[in-house]
Amino acid sequence: GENVEQHPSTLSVQEGDSAVIKCTYSDSASNYFPWYKQELGKRPQLIIDIRSNVGEKKDQRIAVTLNKTAKHFSLHITETQPEDSAVYFCAASRNTGGFKTIFGAGTRLFVKA
Amino acid sequence: DAGITQSPRYKITETGRQVTLMCHQTWSHSYMFWYRQDLGHGLRLIYYSAAADITDKGEVPDGYVVSRSKTENFPLTLESATRSQTSVYFCASSEFQGPDTQYFGPGTRLTVL
């Protein structure tokens, strides 16, 4: 069945460095790719998303890139801060031929001060 | 975030008992979703609803039942709870018809003994 692979599962960076999390999806009908941040004991919250007709999107220190040919999308966080420490989830969604959304297994990001 | 609530927040039950998890949103969002979150699996879609009286299966529907008689409520019932259903359950809602930002509730931690 369809799946979303997310790497790495754990990422540790120094404050001020950049962090990159990568996801690969298998369902070629996917057309919406959100990224959620989940702090310990809290609910997932959207931080950025991208649709299939766009290759890149940026919001301050956060950017997402999408390569539809390779079925690959990535989250980039620049100038990381301790408050960026959390679990990040990617997802691939579609609503053609029935709604489906598949989440990656998550990346635990540690930002060391 | 206060627009979507879940109850109870914590629940302990025994194998074979029926359990209902409640979800309520005040935004009049059309779409509502139920996910379960388990370590190493990210979020997995159980059921979703496009509108009142319209529900459909997600990735892992077995052992669960949903209903949606009113737009604002989307209860999830475990008809005969099993230990494998021990998990954190998140309800979410989305305003638009296509795949779009999902707003998550605070979650319900369910333990089945």
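Everything below is about the structure shown above.
Presented here is an overview of the structure given in this document. (Residues numbered from 1 in each chain as written. Chains lettered and ligands numbered in written order. Predicted model: local features only at pLDDT ≥ 70, side-chain atom pairs only at ≥ 80, totals over all residues. Heavy atoms only, no water.)

Residue and element names in this part refer to chain A. Counting buried residues along strand S4 (residues 32-38), seven of its seven residues qualify, which places the element largely inside the surrounding structure. Hairpin connection, S4 to strand S5 (residues 45-51): the antiparallel pair is bridged by six residues, and Gly 41 has positive phi, about 75°. By the bridge criterion, five bridges tie S4 to strand S9 (residues 86-94) in an arrangement that is antiparallel. Bridge assignment links Lys 37 to a residue of S9, and that residue is Tyr 88. (Buried < 20%, exposed > 50% of the residue type's maximum accessible area, 1.4 Å probe, protein only. Helix = DSSP H or I, 4+ residues; strand = E, 2+ residues; numbered from the N terminus. Pairing = 2+ DSSP bridges.)

On the side of chain A, 21 residues touch chain B, which itself brings 22 residues to the contact. In this assembly, chain B and chain A are joined by one salt bridge. For Asp 100 of chain B, the salt bridge identified is with Arg 51 of chain A, shortest N-O distance 3.1 Å. One can count five residue pairs in polar contact (both at pLDDT 80 or more) joining chain B with chain A. Mapped by element, the contributors of at least two residues to the side of chain B that touches chain A are strand S4 (31-38) and strand S5 (42-51) of chain B. Among the elements that take part in the side of chain B that touches chain A, S5 of chain B stands out by supplying four residues, more than any other. The class makeup of the residues in the side of chain B that touches chain A is ten nonpolar, nine polar and three charged. (Contact = heavy atoms within 4.5 Å. Salt bridge = Lys/Arg side-chain N within 4 Å of Asp/Glu carboxyl O. Polar contact = N/O pair within 3.5 Å; in protein donor to acceptor, adjacent residues only side chain to side chain. Nonpolar A, V, L, I, M, F, W, Y, C, P; charged D, E, K, R; others polar.)

Our focus in this paragraph is the sheet that holds strand S8 (residues 72-77) of chain A. Whether parallel or antiparallel, the strands of a sheet pair through hydrogen bonds between backbone atoms. Residues and elements named next belong to chain A. Across the sheet, five strands lie side by side as S1-S3-S8-S7-S6; this open sheet has antiparallel pairing. Among the strands making up the open sheet, the edge pair consists of strand S1 (4-7) and strand S6 (56-59). Adjacent strand axes in the sheet meet at a mean angle of 15°, parallel and antiparallel pairs treated alike. Where strand S7 (residues 62-67) meets S8, six bridges bridge the pair, whose relative direction is antiparallel. Within the sheet, the bridge partner assigned to Thr 65 lies in S8 and is Ser 74. (Axes fitted to C-alpha atoms, helices over the stretch in contact; angles between N-to-C directions.)

Under the definition given, this model contains two disulfides over all chains. Across the disulfide, Cys 23 of chain A is cross-linked to Cys 90 of chain A (sulfur-sulfur distance 2.0 Å). One quick way to see it: the torsion about the S-S bond of Cys 23 of chain A and Cys 90 of chain A is about -100°, and its sign makes the bridge left-handed. One end of the pair, Cys 23 of chain A, is in strand S3 (residues 19-25); the other, Cys 90 of chain A, is in strand S9, with 67 residues separating them in the sequence. Two residues, Cys 23 of chain B and Cys 91 of chain B, share a disulfide whose sulfurs are 1.8 Å apart. Given an S-S torsion of about -75°, the disulfide between Cys 23 of chain B and Cys 91 of chain B has left-handed geometry. Here the residue Cys 23 of chain B occupies a position in strand S3 (residues 19-25), and Cys 91 of chain B occupies one in strand S9 (residues 87-94), the gap between them amounting to 68 residues. The buried category is assigned to Cys 23 of chain B, whose relative accessible area is 1%. For Cys 91 of chain B, a relative accessible area of 0% gives the class buried. (Disulfide = S-S within 2.5 Å.)

Residues and elements named next belong to chain B. Spatially, S1-S3-S8-S7 is the arrangement adopted by the four strands of the open sheet, whose pairing is antiparallel. Where the open sheet ends on each side, the last strands, each with one partner, are strand S1 (4-7) and strand S7 (64-66). For this sheet, the mean angle separating the axes of adjacent strands, direction not counted, is 20°. Bridging between S1 and S3 involves four bridges; their strand directions are antiparallel. Of the residues in S3, the one forming a bridge with Gln 6 is Cys 23.

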